[in-house]
Amino acid sequence: MKPLSLLMEILVILEVIIKNIEAEKHNRKQKERNVTTQVSVNEIKQFLSHILERRKLIKVIYQRENAVGKKKIQRKLRIKGIQNKDLSKRNKTHLRNQAKKNFTDEGDQLFKTGIKILQQSKSQKQKAEAYVFFAKAADMGNLKAMEKMADALLFGNFGMQNITAAIQLYESLAKEGSYTAQNALGFLSSYGIGMEYNQAKALIYYTFGSAGGSMMSQMILGYRYLSGINVLQNCEVALNHYKKVADYIADKLEKSEGIPVEKVRLTERPENLSSNSEILDWDIYQYYKFLAERGDVQIQVSLGQLHLIGRKGLDQDYYKALYYFLKAAKAGSANAMAFIGKMYLEGNAAAPQNNATAFKYFSMAANKGNAIGLHGLGLLYFYGKGVPVNYAEALKYFQKAAEKGWPNAQFQLGFMYYSGSGVWKDYKLAFKYFYLASQSGQPLAIYYLAEMYATGTGVLRSCRTAVELYKGVCELGHWAEKFLTAYFAYKDGDIDSSLVQYALLAEMGYEVAQSNSAFILESKKAKILEKEKMYPMALLLWNRAAVQGNAFARVKIGDYHYYGYGTKKDYQTAATHYSIAADKYHSAQAMFNLAYMYEHGLGIAKDIHLARRLYDMAAQTSPDAHIPVFFALMKLETVHLLRDILFFNFTMRWKWMKLDNTLGPYWDLFVIGLIIVVLIFLLRNRYG
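Residues numbered from 1 in each chain as written. Predicted model: local features only at pLDDT ≥ 70, side-chain atom pairs only at ≥ 80, totals over all residues. Heavy atoms only, no water.

> Describe in detail the packing of helix α25 (residues 511–523) against helix α26 (residues 531–547), supporting the description with residues and values.
Relative to each other, α25 and α26 sit at 155°, their axes nearing to 8 Å. Comparing the axis directions of α25 and α26 gives the class roughly antiparallel. Relative to α26, the crossing made by α25 is left-handed. Side by side, α25 and α26 meet where E511, Q514, S515, S517, A518, F519, L521 and E522 of the first sit next to M534, Y535, M537, A538, L541, W542, R544 and A545 of the second. Class assignment for the residues of the contact of α25 with α26 results in 10 nonpolar, three polar and three charged. (Axes fitted to C-alpha atoms, helices over the stretch in contact; angles between N-to-C directions. Helix = DSSP H or I, 4+ residues; strand = E, 2+ residues; numbered from the N terminus. Parallel < 35°, antiparallel > 145°, perpendicular 65-115°, else oblique. Left-handed = near helix turned anticlockwise from the far one by under 90°. Contact = heavy atoms within 4.5 Å. Nonpolar A, V, L, I, M, F, W, Y, C, P; charged D, E, K, R; others polar.)

> Residues and numbers for the state of the cysteines, please.
Using the criterion set out here, one finds one disulfide in the structure. Paired through a disulfide, C235 and C463 show a sulfur-sulfur distance of 2.1 Å. Between C235 and C463 the disulfide shows an S-S torsion of about -115°. By sign, it is left-handed. One end of the pair, C235, is in helix α10 (residues 235–255); the other, C463, is in helix α22 (residues 463–474), and 228 residues separate them in sequence. Overall, C235 belongs to the partly exposed group, its relative accessible area being 24%. (Disulfide = S-S within 2.5 Å. Buried < 20%, exposed > 50% of the residue type's maximum accessible area, 1.4 Å probe, protein only.)

> Please give an account of a nonpolar patch on the surface that cites residues and values.
On the surface, a cluster of nonpolar side chains totalling about 450 Å² of accessible area is made up of I627, F630, F631 and M634. With respect to the element layout, I627 can be found in helix α31 (residues 626–663). (Patch = residues over 30% accessible without salt bridge, like charges linked within 9 Å, V, L, I, M, F, W, Y side chains within 5 Å. Areas by Shrake-Rupley, 256 points an atom, 1.4 Å probe, with all protein chains shown as cover. Salt bridge = Lys/Arg side-chain N within 4 Å of Asp/Glu carboxyl O.)

> Hey, could you go over the confidence of the model for the chain for me, with residue numbers and the actual values?
Per-residue confidence for the chain gives a mean pLDDT of 81; residues scoring 70 or more make up 75%. Segment residues 23–45: pLDDT under 50, and 23 contacts once partners within four positions in sequence are set aside and those in other chains are kept. (pLDDT = per-residue confidence, 0-100.)

> So what's going on with the environment of K342? Residues and values would help.
In this fold, K342 is placed in helix α15 (residues 334–346). By relative accessible area, K342 is classed as buried at 16%. In sequence terms K342 and N355 are 13 residues apart; their C-alpha atoms lie 9.8 Å from each other.

> With reference to specific residues and values, describe the side chain of E451.
Relative to the helices and strands, E451 is located in helix α21 (residues 443–455). Here E451 is in contact with K243, D247, Y418 and Y470, once residues within four sequence places are set aside.

> Help me get a handle on the packing of aromatic side chains, residues and values and all.
Under the definition given, this model contains 37 aromatic pairs. Here F431 and Y435 contribute two aromatic rings whose centre-to-centre distance is 6.3 Å and whose plane-to-plane angle is 15°, an arrangement assigned as stacked. You can see F431 and its partner Y435 sitting in helix α20 (residues 427–438), four residues apart, about one turn around the helix. Its relative accessible area of 42% is what places Y435 among the partly exposed residues. Feature note: the residues F382, Y383, Y391, F398, F411, F415, Y418, Y427, F434, Y447, Y448 and Y470 constitute an aromatic cluster, connected by ring pairs. In this arrangement the basic side chain of K263 is found over the ring face of F483, its NZ or CZ atom lying 5.6 Å from the centre. Sitting above the plane of the F155 ring, K482 keeps its charged end 3.9 Å from the centroid. (Phe/Tyr/Trp six-rings, centres within 6.5 Å; stacked < 30°, edge-to-face > 60°. Lys NZ or Arg CZ within 6 Å of the ring centre and 35° of its normal.)

> Give me the lowdown on the environment of L469, citing residues and values where you can.
Summarising the element assignment, L469 is placed in helix α22. Residue L469 is classed as buried on the basis of its relative accessible area of 18%. In this structure, the C-alpha to C-alpha distance between L469 and I446, residues 23 residues apart in sequence, is 6.1 Å. For L469, the contacting residues outside a window of four places in its chain are I446, L449, A450 and Y453.

> Report on the pattern of salt bridges, specifying residues and quantitative values.
Evaluation of the coordinates by the stated rule reveals 13 salt bridges. A salt bridge links K342 to E346; the nearest nitrogen and oxygen atoms lie 3.1 Å apart. Of the two residues, K342 and E346 are both situated in helix α15; the distance of four residues between them amounts to about one turn of the helix. One salt bridge in this structure joins E393 and K396, with 3.4 Å as the shortest N-O distance. Remark: K396 and E393 occur in helix α18 (residues 391–403); sequence separation between them is three residues, near one turn of the helix. Each of R224, E507 and R544 takes part in salt bridges that share partners, so that together they form one network.

Okay, here's the thing in structure tokens:
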């Protein structure tokens with residue numbers, strides 16, 4: 001989609017929603033759903049420029065007022081009897097400040113209303129309605145609202161991508177000290193999107209952003225120092241940056257359980273991508289609903305879990321979650337009982353916080369030997385919710401749940417031994433349970449393992465291990481939600497919006513985002529970067545993904561050097577990358593490519609026998625390689641046979657020429673006669 005058409009669409013959406021809201025205020029009975037007002041593109045440009053001009057005008061007014069104020073102070077010192085005049089001017093200043101405060105308060109209120117709508121929204125229409133309030137608040141100079149509008153313009157929320165307008169807003173906000181704007185400008189500079197490609201400038205923006213409190217900037221700097229990107233590699237500096245973000249995430253996780261975000265790989269085959277296991281297809285969801293209504297208990301529990309935390313692309317819906325859990329619990333599902341207990345323990349719109357109800361359902365599940373129910377009872381006794389605090393009982397229930405492999409219970413045991421809650425401190429046991437829980441991806445267990453490695457508590461200190469663990473925790477931040485919006489944008493054909501979101505996540509060190517960004521750039525479908533920059537940038541991102549262990553990315557780097565994409569042709573370097581992918585990751589594609597290079601002697605010494613071996617290994621490694629390997633070996637054997645035949649003919653002719661010169665033209669008759677003599681001699685000896 002072209003930028004002008006994108007702007008037209010978002011403007012129509014905003015105008016429709018504004019009219020709906022105003023109509024509801026005046027007459028709630030009247031419905032205004034089918035509004036088709038058309039607005040020109042120039043109006044949104046005027047709106048954005050209006051915000052910027054207003055900010056410039058306010059600055060000019062403030063400068064003038066300051067200048068006038070200084071002159072007034074000088075006059076006060078010279079002229080007597082100024083008290084009365086000064087009093088009237090103070091009143092005017094007070095009125096002006098009061099009007100300004102009212103204006104600011106109104107902007108703040110509009111922003112808060114927008115945030116509330118955004119948090120409660122379940123549809124795109126409701127989210128768009130929130131941005132109407134942000135737009136009005138931004139027009140009143142609300143910085144947070146301006147940040148929201150700038151983000152919407154950058155990431156293309158609701159199809160309103162306009163990077164030039166976003167940069168203007170960010171630059172204006174950066175002058176006001178907005179760390180969000182500084183982080184965004186750093187990101188745009190690092191890719192050269194709408195701005196000059198300048199890594200030094202990007203680093204400065206990130207530094208200011210992190211100093212101002214941007215968690216994203218902290219994470220980006222942590223990744224840069226870890227990998228040595230445009231800075232000297234320094235594990236300790238990376239550790240400091242990552243720890244600040246991990247502390248922030250851990251604090252959030254302790255208040256509520258973290259929700260892992262689905263990270264779809266665009267490098268999957270198209271047929272797999274359309275039915276990706278990370279995102280639940282709508283038709284499959286409808287089929288699951290049908291099965292759940294028919295009484296399939298396992299499906300009921302699964303749908304309840306998906307709606308409870310909002311997984312697989314489904315919206316979080318506590319009412320639906322409780323509905324399915326209750327149906328499954330009625331059928332005797334211990335898991336469903338435990339999840340109902342969890343809902344009442346934490347409290348939400350569908351199940352208000354109630355310790356007694358939580359205890360009831362946890363007990364029902366625990367009596368059936370359910371690990372989640374046992375863990376739930378342990379939590380109630382550990383924190384004293386509805387029952388007196390009893391560490392001994394908590395320990396008993398946590399141990400029973402941990403023995404059944406429940407990672408949250410393993411973490412709780414680790415925490416008890418780590419903090420000495422009801423037991424003697426034992427860092428070795430704490431490490432054991434944290435490690436067990438971390439193997440199942442329990443985020444807080446990973447965080448405490450990082451703490452132990454960072455400080456050398458109960459384990460030999462390892463900066464690198466601590467950083468890798470902290471990085472894993474940091475990647476659970478709310479910003480990871482962009483994986484879903486980026487994927488859906490890509491699926492809907494909004495390539496530029498998808499690329500910007502993946503590219504930001506790639507800058508933060510997400511390996512999946514790095515490979516996805518490189519994949520989009522390689523397709524050359526994006527319009528926000530010049531085509532000549534796409535292959536070099538894609539190569540850079542494939543490199544970063546490969547360093548983080550992506551075998552496909554390692555093969556891609558080999559391809560880029562082999563064909564000369566984004567760099568000069570270099571068969572030797574290509575062979576090196578293929579060798580790494582083949583030896584370290586057992587990549588069938590890398591084995592096949594390397595075999596071809598050995599067959600033809602490209603960048604490495606020609607070796608037919610090694611080529612055959614690598615072709616065979618590729619076929620053994622992947623069933624998909626059988627057919628390509630079959631044809632490759634057929635070609636290799638055919639060519640080899642033809643060469644042998646030609647070589648034999650050439651060799652024999654050469655030998656015949658040599659014999660003609662030595663023995664004369666009838667040397668063959670001489671040889672035949674010699675053979676007959678030998679045969680007669682052998683026959684005589686046999687019968688003699």
